[in-house]
Amino acid sequence: MHSSSRRLCTAVALSTVVAVAGTACSSGAGSTDAKDADSGTYTIWDPYPQFAKGSAWTKLLDKCGTQAGVKIQRTGFDTSDLANKTLLAAQQGNSPDVLIVDNPVVSTLAEAGVLTTTDENKLDTSKVDPNLLAAGQSGGKTYGTPIGANTLALYYNKKVLKEAGVDIASVKDWTSLTAALEKVKKAGKKGITFSAIGTEEGSFQFLPWFWGAGAELTGLDSARAVSALSLWQDWLKKGYALNSVINNTQTTSWQEFAGGDYAFAENGTWQLANAEKAGFDYGVLPIPGSDGGHAAAPTGGEFVTLPVQDDTGRYPTSQKLAACLTSTQNLYDTDTTLSYVAPTGEVQDKQVAANPALKPWVDAVKSAKGRTSGDLGTKYPKISEQLWKAVQSTLSGAKSPKDALTSAQSAVK
């Protein structure tokens, strides 16, 4: 917790942060002043610029400040901008008191010496689901607590499936999903849309299939990894997915599904409000594993962290602010606002009781895992880049899945 322990490998850290910055974010700006001269003012930085002063989110921040006996100075940043600003502020000894940051960036900031551990800052993580907490762990230490999680699942158009004679209950694994896509195509409709773009979004969307095959990020060229990429390649060859997936972002992929002609779309919790506006009856199915069960999808969502301060006397108040933001009632309110699944079973149950349509999302989040889990930390962005390049070269027809993934593994080594 000493300021001298900051090992700010800024060049590496900045490139890492840019590479893994969020897969479903909004953009915006705000004041970048970190500390008010008045020590009774505490700074909070978050990646929610969409919430202006007077919104439920900023009111919650002010309420937590009042309870802790301090004023809150809050700034909302675009996700990638926030990570970079945090590294620069740490170099200048001007870090915010509370930082809410995209989960794959936590290990980068931790390894750069920017964040305090939960042992140091006394944040209680005992109720948090271990698979979600893992995204904020590095080197056996925990660097914050999740404020909520989003992940991926399959949205489906009930009308398209009915007209194609597909019973959604029959879709339990890759074989039955592919059979459903075949029926949909024969019925003159479009099968599945997803994002395979050459960015982190492409890796994010491929990971449920990669993990669903039983593959590991430490072995990109395994037979299981090849089977996952072969699945996507086969769907394109047979016309169950269209070539547009190669350039699709998650937003453009959603727009395709919202047109009403597709049976399935792989997309995230954050599209729930758009799904309600789409004008057709839809359902949600956790992504199936190759042989059944729920595939692990990657977790999105943010962690509440407490950056290192030169004045260690600020920590107890910062801890009170973080504890307030992640209390049971406040998690429920915040995650409802953000369309997130809560990180604790207690709040998840409350969410499903209020909105039964969230059940498949809670199931998907319970099976999900962090991209930097397993102590991958700052190795993840390099692995991810090679993974999306392999997906791109296979789907464009440049390489076979095996050759593409062999090249990817060599590049990572």
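Everything quoted here is computed from the prediction, not taken from an experiment.

Notes on the sheet that holds strand β1 (residues 41–46)
Then comes step 1: Strand order across the open sheet formed by 5 strands is β2-β1-β3-β11-β6, with mixed pairing between neighbours. In this open sheet, the two strands that pair with only one neighbour each are β2 (71–76) and β6 (145–146).
Then comes step 2: Relative to strand β3 (residues 98–102), β1 is paired through 2 bridges, and the arrangement is parallel. Residue I44 lies in a different strand from β3, and its bridge partner there is V98.

Some points on the confidence of the model for the protein
Then comes step 1: Overall, the prediction assigns the protein a mean pLDDT of 90, with 91% of residues at 70 or greater.
Then comes step 2: Confidence drops under pLDDT 50 across residues 1–19; counting only partners more than four residues distant or on other chains, this segment forms 41 contacts.

Concerning the state of the cysteines
Then comes step 1: Evaluated as defined, the whole model comprises 1 disulfide.
Then comes step 2: One disulfide bridge connects C64 with C324, the sulfur atoms lying 2.0 Å from each other. Around the S-S axis, the bridge from C64 to C324 shows a dihedral of about -75° and counts as left-handed. With C64 in helix α2 (residues 56–68) and C324 in helix α13 (residues 315–325), this residue pair connects regions lying 260 residues apart in the sequence.
Then comes step 3: On the accessibility criterion, C64 (2% relative accessible area) is buried.

Quick word on the packing of helix α14 (residues 328–338) against helix α15 (residues 345–354)
Then comes step 1: Packing of α14 against α15 brings their axes to within 10 Å, and their N-to-C directions diverge by 50°. What the angle tells us is that α14 and α15 run oblique. Here α14 and α15 pass one another in a crossing that is right-handed. Facing T328, Q329, L331, Y332, D335 and T336 of α14, the residues of α15 in contact are E346, V347, K350, Q351 and A354.
Then comes step 2: When the residues that make up the contact of α14 with α15 are grouped by side-chain class, the tally is 4 nonpolar, 4 polar and 3 charged.

Quick notes on the pattern of salt bridges
Think of it this way: side chains of opposite charge can pair up when their charged atoms draw near.
Then comes step 1: For the structure on display, the rule yields 11 salt bridges.
Then comes step 2: In this structure, K366 and D129 form a salt bridge, with 3.8 Å as the shortest nitrogen-oxygen distance. Highlighted residues: K366 in helix α16 (residues 359–367) and D129 in the loop between α5 (118–121) and α6 (130–133), separated in sequence by 237 residues.
Then comes step 3: A relative accessible area of 12% means that D129 is categorised as buried.

With respect to the packing of aromatic side chains
Remark: the centre distance and the inter-plane angle together describe each pair of aromatic rings, the angle taken between the planes.
Then comes step 1: What the rule picks out here adds up to 16 aromatic pairs.
Then comes step 2: Ring geometry for Y155 against Y282: centres 6.0 Å apart, planes inclined by 45°, an arrangement best described as tilted. Of this pair, Y155 sits in strand β7 (residues 152–157) while Y282 sits in strand β10 (residues 282–285), and the two are 127 residues apart along the sequence. Of the two residues, Y155 and Y282, both sit in the buried class.
Then comes step 3: Where F194 meets W232, the ring centres are 4.1 Å apart and the plane angle is 25°; that geometry is what we call stacked. You can see F194 sitting in the loop between β8 (190–193) and α9 (200–212) and its partner W232 sitting in helix α10 (residues 223–237), a full 38 residues away along the chain.
Then comes step 4: Exposure remark for W232: the relative accessible area of 0% places this residue in the buried category.

Let's talk about unusual backbone geometry
Then comes step 1: Phi angles above zero are rare outside glycine, and S339 is one such case at about 60°.
Then comes step 2: Inspection of the secondary structure puts S339 in the loop between α14 and α15.
Then comes step 3: Of note in the backbone geometry, D375 takes a positive phi value of approximately 60° without being a glycine.
Then comes step 4: Structurally, the position occupied by D375 is in the loop between α16 and α17 (380–395).

What to know about the sheet that holds β10
Note on sheets: strands pair through backbone hydrogen bonds, and any given pair is parallel or antiparallel.
Then comes step 1: Strand order across the open sheet formed by 4 strands is β8-β9-β7-β10, with mixed pairing between neighbours. Across the chains shown, the open sheet's two edge strands, defined by having one partner strand only, are β8 and β10. The mean angle between the axes of side-by-side strands here comes to 20°, regardless of whether they run parallel or antiparallel.
Then comes step 2: Strand direction decides the pairing type here: β8 and strand β9 (residues 262–268), joined by 3 bridges, are parallel.

Quick word on the pairing of strand β11 (residues 302–305)
Then comes step 1: Burial of the side chains of β11 extends over both faces: E302 and V304 are buried on one face and F303 and T305 on the other.
Then comes step 2: In the sheet, β3 pairs with β11 via 4 bridges, with the strands oriented antiparallel. Among the inter-strand pairings, D102 is bridged to a residue of β11, identified as E302.

Section: helix α3 (residues 79–91)
Then comes step 1: Helix length check: α3 (13 residues) gives 19 Å between terminal C-alpha atoms against 18 Å at 1.5 Å per residue, within 8%.
Then comes step 2: By the burial criterion, the buried members of α3 are T79, L82, A83, N84, T86, L87, A89 and A90.
Then comes step 3: Downstream of α3 by a residue or two, G93 has a phi angle that is positive, lying close to 65°.

About the criteria used
Residues take numbers from 1 onward in each chain, read along the sequence in its written order. Given that the model is predicted, a residue must reach a pLDDT of at least 70 before its local features are reported, and side-chain atom pairs must reach 80 or more before they are shown or counted; all residues, however, enter totals for whole chains, interfaces and linings. Side-chain descriptors were evaluated using all non-hydrogen atoms of the structure, hydrogens and water having been removed beforehand. Between any two strands, pairing holds if DSSP finds at least two bridges. Counting from the N terminus, the helices are the DSSP runs of H or I reaching at least four residues and the strands are the DSSP runs of E reaching at least two. Confidence per residue, as judged by the predictor, is encoded in pLDDT with a range of 0 to 100. Contacts were defined at the residue level, with two residues in contact if any of their heavy atoms lie within 4.5 Å. Throughout, disulfides are identified as pairs of cysteine sulfur atoms within 2.5 Å of each other. Each residue's exposure class comes from its accessible area (1.4 Å probe, protein chains only) as a fraction of the maximum for that residue type: buried when under 20%, exposed when over 50%, partly exposed otherwise. Note on method: axes are straight lines fitted to C-alpha atoms, helices fitted across the in-contact stretch only, with angles between N-to-C directions ranging 0 to 180 degrees. Angular relationships are summarised with four words: roughly parallel below 35 degrees, roughly antiparallel beyond 145, roughly perpendicular across 65 to 115, and oblique for the angles in between. Note: crossing handedness is left-handed where the near helix turns anticlockwise from the far helix by less than a right angle, and right-handed where it turns clockwise. Note on residue categories: nonpolar means Ala, Val, Leu, Ile, Met, Phe, Trp, Tyr, Cys or Pro, charged means Asp, Glu, Lys or Arg, and polar means any other residue, Gly included. Here, a salt bridge means any Lys or Arg side-chain nitrogen found within 4 Å of an Asp or Glu carboxyl oxygen. Pairs were defined over the aromatic rings of Phe, Tyr and Trp, the Trp ring being its six-membered one, requiring ring centres within 6.5 Å. Orientation was assigned from the angle between planes: stacked under 30 degrees, edge-to-face over 60, tilted for the rest. Expected helix span is taken as 1.5 Å per residue step, with the number of steps being one fewer than the number of residues.

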